[in-house]
Amino acid sequence: MKRIILVGKPNSGKSLLFNQLTGLKQKVANFPGVTVELKSGKFEEFELVDFPGTYSLSSISTDESIAINQLHAAMSDKNTCLVVCNLDATKLERSLVFALQVQQLAKQHNKSVVFSLNMVDQLTRFSHQIDTKKLSSQLGSPVYALSAKSLEGLSEFSSALKEHAKHPETAVIQCPTIDNDQSARAVKFAKELAKEHAINQDIALKQQNSLDSFLLNSVAGGIVFLAIMFFLFQSIFTWAAPLMDAVESGVGFLGELVASQLSVGVVNDFLQDAIFGGFGAFLVFVPQIMVLTLIIGLLEDSGYLARAALICHKPLSLFGLSGRSFIPYLSGHACAIPAILAARTIESPRKRLITMVTVPLMSCSARLPVYALLIAVFVPNESYFYGWVNLQGAVFFCLYFGGICMALIVSKLLNTWMTAKDAATDLPFILELPSYRLPHWRPLMYKTINSGKQFIYRAAPIIFMVSVIIWVLGYFPNNGDLGSSYLAYLGKVLDPIFAPMGLDWRYTVAILVSFLAREVFVGVLGTLFSIENADENINGLAQQIQADGLTLASAIALLIFYVIALQCVATVATLKGETSKNRYSWGIFVFYGVLAYCLSMTVYFIIT
Amino acid sequence: MTLWELPKKKQARVTKLDDSMTSVLKVRLNEMGFVPGELLTCMKRTAFNGPLVIQIQDCVYTLDRQLAENIAVE
Ligand SMILES: Nc1nc2c(ncn2[C@@H]2O[C@H](COP(=O)(O)OP(=O)(O)O)[C@@H](O)[C@H]2O)c(=O)[nH]1
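Residues numbered from 1 in each chain as written. Chains lettered and ligands numbered in written order. Predicted model: local features only at pLDDT ≥ 70, side-chain atom pairs only at ≥ 80, totals over all residues. Heavy atoms only, no water.

**Quick notes on the site of the ligand**
All names here are of chain A.
- Taken together, 20 residues form the shell around the ligand, and within it Asn 11, Ser 15, Asp 121, Gln 122 and Asp 301 come nearest.
- The contact in question runs from an oxygen atom of the ligand to an N or O atom on the backbone of Asn 11, over 2.8 Å.
- The separation between a nitrogen atom of the ligand and a polar side-chain atom of Lys 149 is 3.3 Å.
- Here the ligand loses 92% of its free accessible area of 580 Å² to cover by the protein chains.
- Secondary-structure elements contributing two or more residues to the shell around the ligand are helix H1 (14-22) and helix H4 (120-125).
- When residues in the shell around the ligand are grouped by element, the largest group, three residues, is from H1.
- Residue composition of the shell around the ligand, grouped by class: six nonpolar, eight polar and six charged. (Near = heavy atom within 4 Å. Polar contact = N/O pair within 3.5 Å; in protein donor to acceptor, adjacent residues only side chain to side chain. Areas by Shrake-Rupley, 256 points an atom, 1.4 Å probe, with all protein chains shown as cover. Helix = DSSP H or I, 4+ residues; strand = E, 2+ residues; numbered from the N terminus. Nonpolar A, V, L, I, M, F, W, Y, C, P; charged D, E, K, R; others polar.)

Set out below in structure tokens:
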């Protein structure tokens, strides 16, 4: 299939345009020799590929150089028939600096270029119009004015795009080739064009600046920031709860359906305990990840995330981090894996490394079931101050907060240990504050659905395997008698590790197994406490544990252990992929494990 | 004087990008609009010597002290 590639400066409305042109059918594109995932979708008979937004063709950070290498690869690919470069009509000059460089690159590869002049609805508000005919002839490539939001000009653009893609010779670049110092020439030429065509900046930026003077105010802005964060965490619990219940009852219903169809026996036990009990339990967290992705997406598309990074820059820099570390930290509360990938946007390699290494300390949603179980065992469900403060909720908050504090402490230590030599390669902090815009539901919805899908694809195989193995070891040789199973034998050998914390072999097994993925802790304990569907019935399991006589000190030690330990193979693999060093993947895995063990042990001894 | 010393709501012209910065970074700053002769406005200064917010041409940027001290303005 012939390909059209879509490029543009960040925040130029490129994602929305991509979504409007391609609709539902999106997948991950594959270019030869390209390592990072690109979104691709079908536009008529062509494949449209969305490239990450970049400011320039010369890179200053890792994520940029990856994106730019991809662009070079795509330009030389013979299947690429057309390049669409998206311009932000409200920021014409900046968009053109990049666009002119892209045009030169395309010319070198004999590709045709079409410009989409997006966001013209914003210009009509100020009754400003851009003469696209004139701009086209000055640029030497066709320019189409459109708005991906209000859809004006979009149908004209898409039929023109189809024609140009079918006959690339209709969009051959009509401008001279520049061999040296392209960047300087682009800066100069963009200025000339902007002077002639662009809207007065002060008019266009007026609204943004007056909003900013409130949202970036030291007092009011700080309060708004805290309120948004509070709302975010609240909504992970409240919005996701009904969805999680729905998934839970869905899995339970399926389990019963299957059970009623099968006769009692090993197969039935296997399906119930391992598949529906163990594997089904983890599907329950998918809604939480999706809700968090949705809210972060909302903050990003509206333009607030850049302001949040600015507000956090100073406090985070005290710990050797950057304002941009805020975004990975935030998404780390859903799942560490996308958060580690998000650290790519951090300007300095050193801060990026510190951020990636400390992200796993954020209480990701896989820790939730563990927290929920142990809190249900030990913390009474009482409310104070007319229901505003719930004791269990407060303990949850402390655990989250503890994770963040730990991450800041580790960052500080790493920052002191790293030598001054690394500091020299540090890039300074500079960030564009994009205009505030009302987000469009389409890209948000795709992002949300994809986050759920990807989480399942990534975590499913390992959780499936663990569930099966634990079940087999716990079920045999005496068909269902746990006390005499292989697992019990193994557990008793390993018991001395956690015995000093007052935990018996069943906990030891659950903890050790959860080094693969922490969410299996509850499932394993559930199986071991021989309750069917342990996760669906946490209160049942909690009561069993209470009756079993787990002490408060052990439970607190266990919670601290789970706050710190990096129990997730997928995270270690991602860290290894991103840092390409064992030191920062397995090294960190061991370090957090030992730290968690020592700290929880210390706390246990202080309490008892 | 440097951009860092520019008070709030005041305008200035970029005169020079300090030579201590790498050439890649200087090229990028040029592309972002920091070209000698360009007019910029300090929109906001944040508490405790936090990052500045400036408007240059059609963009608003936030930048920290380290960078602002490397941009000379008048
Ligand atoms: N008013 C208006 N807003 C737009 C238009 N295109 C995109 N947006 C909004 O601008 C914001 C950034 O767009 P996005 O597609 O994420 O930009 P990207 O970073 O280039 O992918 C989003 O909130 C969009 O809803 C447009 O044509 N008009």
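**Brief notes about helix H1 (residues 23-32) of chain B**
Residue and element names in this part refer to chain B.
- Within the span of H1, buried status applies to Leu 25, Arg 28, Leu 29, Glu 31 and Met 32. In an axial view of H1, the angular spread of the buried residues amounts to 160°, which keeps them on one side of the axis.
- Gly 33 occupies a position one or two residues after H1 and carries a positive phi of about 115°. (Buried < 20%, exposed > 50% of the residue type's maximum accessible area, 1.4 Å probe, protein only. Arc of directions from axis to C-beta.)

**Describing helix H21 (residues 486-494) of chain A**
Residues and elements named next belong to chain A.
- Those residues of H21 lying buried are Leu 487, Ala 488 and Gly 491. Down the axis, H21 shows its buried residues gathered within 95° of arc, on one side only. Away from its buried face by more than 90 degrees, H21 exposes Tyr 489 and Val 493.

**Considering the pattern of salt bridges**
- Applying the stated rule across the entire model yields 20 salt bridges over all chains.
- In this structure, Asp77(A) engages Arg3(A) in a salt bridge whose closest nitrogen and oxygen atoms are separated by 3.6 Å. In this pair, Asp77(A) sits in the loop between helix H2 (62-76) and strand E5 (80-88) while Arg3(A) sits in strand E1 (residues 3-8), placing the two residues 74 residues apart along the sequence. Grouping residues by exposure puts Asp77(A) and Arg3(A) together as buried.
- One salt bridge connects Lys191(A) with Glu38(B), and the closest N-O pair in it is separated by 3.1 Å. In this pair, Lys191(A) is assigned in helix H7 (residues 182-197) and Glu38(B) in the loop between H1 and strand E2 (39-45), connecting two distinct chains.
- You can call Lys191(A) partly exposed: its relative accessible area is 29%.
- Residue class for Glu38(B) comes out buried when judged on its relative accessible area of 12%.
- Each of Arg3(A), Glu47(A) and Asp77(A) takes part in one network of salt bridges that share partners. (Salt bridge = Lys/Arg side-chain N within 4 Å of Asp/Glu carboxyl O.)

**Some remarks on a nonpolar patch on the surface**
- Among the surface-exposed residues, Tyr489(A), Leu490(A), Val493(A), Leu494(A) and Ile497(A) lie close enough to one another that they form a single nonpolar patch of about 470 Å² accessible area.
- Note on placement: Leu490(A) falls in helix H21. (Patch = residues over 30% accessible without salt bridge, like charges linked within 9 Å, V, L, I, M, F, W, Y side chains within 5 Å.)

**Notes on the side chain of Ser322(A)**
Residue and element names in this part refer to chain A.
- Inspection of the secondary structure puts Ser 322 in the loop between helix H13 (304-317) and helix H14 (326-331).
- Ser 322 sits in the buried class, given a relative accessible area of 0%.
- Of note is the side chain of Ser 322, whose polar atom sits 3.0 Å from the backbone nitrogen of Arg 324.
- Leaving out residues up to four positions away in the same chain, Ser 322 has contacts with His 313, Leu 316, Ile 346, Glu 347, Lys 351 and Phe 429. (Contact = heavy atoms within 4.5 Å.)

**Here we look at the state of the cysteines**
- Evaluation of the coordinates by the stated rule reveals zero disulfides over all chains.
- Here Cys568(A) is not disulfide-linked; the sulfur of Cys364(A) is the nearest cysteine sulfur, at 6.6 Å. (Disulfide = S-S within 2.5 Å.)

**Notes on the pairing of strand E6 (residues 112-118) of chain A**
Residue and element names in this part refer to chain A.
- Counting buried positions along E6 yields seven of seven residues, so the element is predominantly enclosed.
- Neither face of E6 is left uncovered, since the one carrying Ser 112, Val 114, Ser 116 and Asn 118 and the one carrying Val 113, Phe 115 and Leu 117 both have all their residues buried.
- Summarising the sheet, E5 and E6 pair through seven bridges and their orientation is parallel. Paired with Leu 87 across the bridge in E6 is Leu 117.
- In this region the chain leaves E5, passes through helix H3 (residues 92-108) and returns to the parallel neighbour E6; the handedness of that crossover is right-handed.
- Where E6 meets strand E7 (residues 143-145), three bridges bridge the pair, whose relative direction is parallel. In the sheet register, Ser 116 faces E7, and the bridge partner there is Tyr 144. (Pairing = 2+ DSSP bridges. Right-handed = clockwise from strand over helix to strand, strands pointing away.)

**A short note on the packing of helix H5 (residues 132-139) of chain A against H7(A)**
All names here are of chain A.
- One way to put it is that H5 packs onto H7 with a least axis distance of 11 Å and a crossing angle of 165°. Viewed along their axes, H5 and H7 adopt a mutual orientation that is roughly antiparallel. Seen from above, H5 lies across H7 with right-handed handedness. Here Lys 134, Leu 135, Gln 138 and Leu 139 of H5 lie close against H7, whose contacting residues are Phe 189, Leu 193, Glu 196 and His 197. (Axes fitted to C-alpha atoms, helices over the stretch in contact; angles between N-to-C directions. Parallel < 35°, antiparallel > 145°, perpendicular 65-115°, else oblique. Left-handed = near helix turned anticlockwise from the far one by under 90°.)

None of this, on its own, says anything about what the molecule does.
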